[in-house]
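Examining the three-dimensional arrangement
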Amino acid sequence: MPYVRTTVNGQPVEREVEARLLLSDFLRHELDLTGTHVGCEHGVCGACTVLVDDRPVRACLMLAVQANGKPVRTVESLAEPGQPLSRVQAAFKRNHALQCGFCTPGILMSLTAVLEEEGPVSKERAVDALRGHLCRCTGYRNIMTAIDEICAEPKEVGGGAG
């Protein structure tokens, strides 16, 4: 069986895995990082979005072995327990942009990626970064309000392990 040697949320990880193990299953079942949600298992809903090499990827479409040697970040990396929320998380909390919360981790990771890569962005760019994310609770209005707040005050994204 192949090995996966990587860092996840800044921590070194080395595991023997089945070659067909999905990254989403590796994170959830091998590492107990359950913030990565699995919705459609086809890459359509965006709930499983994580950052690999600082780029958003659908963890349900990527094999764990494909992350070998690449840093992986999950929603758990945005704020350590007991520490302040990242700017994106705080805006979502203030604006009640969570509802059931199933889609939230993927949306937070995609927004974090665009803000870390590009710095302050327009509302249009932030919305573009979320294409392919589905919210089944119709929480888009509050999500858009949170995006308005994030884009109105261009600051560092902030957050935990990198």
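Residues numbered from 1 in each chain as written. Predicted model: local features only at pLDDT ≥ 70, side-chain atom pairs only at ≥ 80, totals over all residues. Heavy atoms only, no water.

Under an unreviewed UniProt entry, the name given to the protein chain is (2Fe-2S)-binding protein, and the organism recorded is Acrocarpospora macrocephala. Quoted verbatim from the Pathway (unreviewed entry) field of UniProt, the annotation for the protein chain is "Alkaloid degradation; nicotine degradation." (UniProt positions renumbered as here; feature names shortened; annotations may be inferred.)

**Section: the pairing of strand S3 (residues 49–52)**
A two-sided burial pattern is seen for S3, the buried positions comprising Thr49 and Leu51 on one face and Val50 and Val52 on the other. Two elements, S3 and strand S4 (residues 55–58), share 4 bridges in a ladder whose sense is antiparallel. Within S4, the residue paired with threonine 49 across the bridge is arginine 58. Examined bridge by bridge, S3 and strand S5 (residues 71–73) share 2 bridges and lie antiparallel to one another. Looking at S5, one finds that valine 52 is bridged to valine 72. (Buried < 20%, exposed > 50% of the residue type's maximum accessible area, 1.4 Å probe, protein only. Helix = DSSP H or I, 4+ residues; strand = E, 2+ residues; numbered from the N terminus. Pairing = 2+ DSSP bridges.)

**Thoughts on the side chain of histidine 133**
Here histidine 133 is to be found in the loop between helix H4 (123–129) and helix H5 (140–152). A polar atom in the side chain of histidine 133 sits 2.8 Å from the side chain of serine 110. When neighbours within four sequence positions are excluded, histidine 133 is seen to be in contact with Cys45, Gly46, Thr49, Arg58, Gly106, Ile107, Ser110 and Tyr140. (Polar contact = N/O pair within 3.5 Å; in protein donor to acceptor, adjacent residues only side chain to side chain. Contact = heavy atoms within 4.5 Å.)

**Some remarks on the packing of helix H2 (residues 87–94) against H5**
Running from N to C, H2 and H5 cross one another at 135°; their axes reach a closest spacing of 8 Å. As judged from the angle between their axes, H2 and H5 are oblique. Seen from above, H2 lies across H5 with right-handed handedness. From H2, Arg87, Val88, Ala91, Phe92 and Arg94 reach across to H5, where they touch Ile143, Ala146, Glu149, Ile150 and Cys151. By residue class, the composition of the contact of H2 with H5 is 7 nonpolar, no polar and 3 charged. (Axes fitted to C-alpha atoms, helices over the stretch in contact; angles between N-to-C directions. Parallel < 35°, antiparallel > 145°, perpendicular 65-115°, else oblique. Left-handed = near helix turned anticlockwise from the far one by under 90°. Nonpolar A, V, L, I, M, F, W, Y, C, P; charged D, E, K, R; others polar.)

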